[in-house]
Amino acid sequence: MNNNLSEQAFNQLLLQIAGKKLIDSLNMIDSDSKSKIEKCIAITNEEYSYALSLQADCVPDSKRMIIQAQKRLESLNSLLTLAKLI
C-alpha cells in the first residue's frame, strides 16, 4: 500500500513538472517512476540543446525555451533524487 501511494505521488509530481504533453509522449505506462523521470530528463536535455542551437541562430524565443528547460531539469533531477531515496 505504501509503495503504491508513493508511486502515485511521484506520478502526480512528475505530471506537474513535465506536463501532460511530455508525459503522454513517453509511452511508458507500466514503467516505474524512476524510469519515467529519467526519460523526461533525457527529452528535456534534447529540448535544452535545441534551444541553445536556436539561441546561436539569434531566435528571439530561445531564451524563454532555455529558461523553461533549465527549470524543468532542476525539478526533474530533484524528483529523481527523491525517487532514489524511497
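Calculation criteria
Residues numbered from 1 in each chain as written. Predicted model: local features only at pLDDT ≥ 70, side-chain atom pairs only at ≥ 80, totals over all residues. Heavy atoms only, no water. Helix = DSSP H or I, 4+ residues; strand = E, 2+ residues; numbered from the N terminus. Buried < 20%, exposed > 50% of the residue type's maximum accessible area, 1.4 Å probe, protein only. Contact = heavy atoms within 4.5 Å. Areas by Shrake-Rupley, 256 points an atom, 1.4 Å probe, with all protein chains shown as cover. Lys, Arg positive; Asp, Glu negative; His and termini not counted. Charge placed at Lys NZ, Arg CZ, Asp CG, Glu CD. Core = buried A, V, L, I, M, F, W, Y, C linked by side-chain atoms within 4.5 Å. Salt bridge = Lys/Arg side-chain N within 4 Å of Asp/Glu carboxyl O.

1. Focus on the overall build of the protein chain
Scanning the protein chain from N- to C-terminus turns up 4 helices and 0 strands. Helices (α) and strands (β) of the protein chain occur, in sequence order from the N terminus, as α-α-α-α. Along the first, second and third principal axes, the C-alpha atoms of the protein chain reach 50 × 25 × 15 Å. When burial is assessed residue by residue, the protein chain has 29% of its 86 residues classed as buried. When contacts within the protein chain are restricted to residue pairs at least 6 apart in sequence, long-range pairs at least 24 apart make up 56% of them. Working note: accessible area of the protein chain is about 5900 Å², and carbon and sulfur atoms make up 54% of it. Placing the 10 positive and 10 negative side-chain charges of the protein chain at their respective mean positions leaves the two points 4 Å apart.

2. Observations regarding the nonpolar core
The tendency in soluble globular proteins is for nonpolar side chains to be buried side by side. Residues Leu14, Ile37, Cys40, Ile41 and Leu76 are the most contacted members of the largest nonpolar core, which totals 15 residues. Elements supplying a minimum of two residues to this core: α1 (2–18), α3 (33–56) and α4 (62–85). With 5 residues, the single largest contributor to this core is α4. The contact partners of Leu76, leaving out residues within four places of it in the chain, are Leu14, Ile17, Ile37, Cys40, Ile41 and Thr44.

3. Description of the environment of Ile41
The topology assignment puts Ile41 in helix α3. Overall, the relative accessible area of 12% leaves Ile41 in the buried class. Once the C-alpha coordinates of Ile41 and Ala51 are considered, the two residues, 10 residues apart in sequence, prove to be 15 Å apart. Residues contacting Ile41, with those up to four places away along its chain left out, are Leu73, Leu76, Asn77 and Leu80.

4. Concerning unusual backbone geometry
One non-glycine residue, Cys58, adopts positive backbone phi at about 65°. Tracing the sequence through the fold places Cys58 in the loop between α3 and α4.

5. Observations concerning the pattern of salt bridges
Applying the stated criterion across every chain yields a total of 3 salt bridges. In this structure, the salt-bridge partner of Arg64 is Asp61, at a minimum N-O distance of 2.6 Å.

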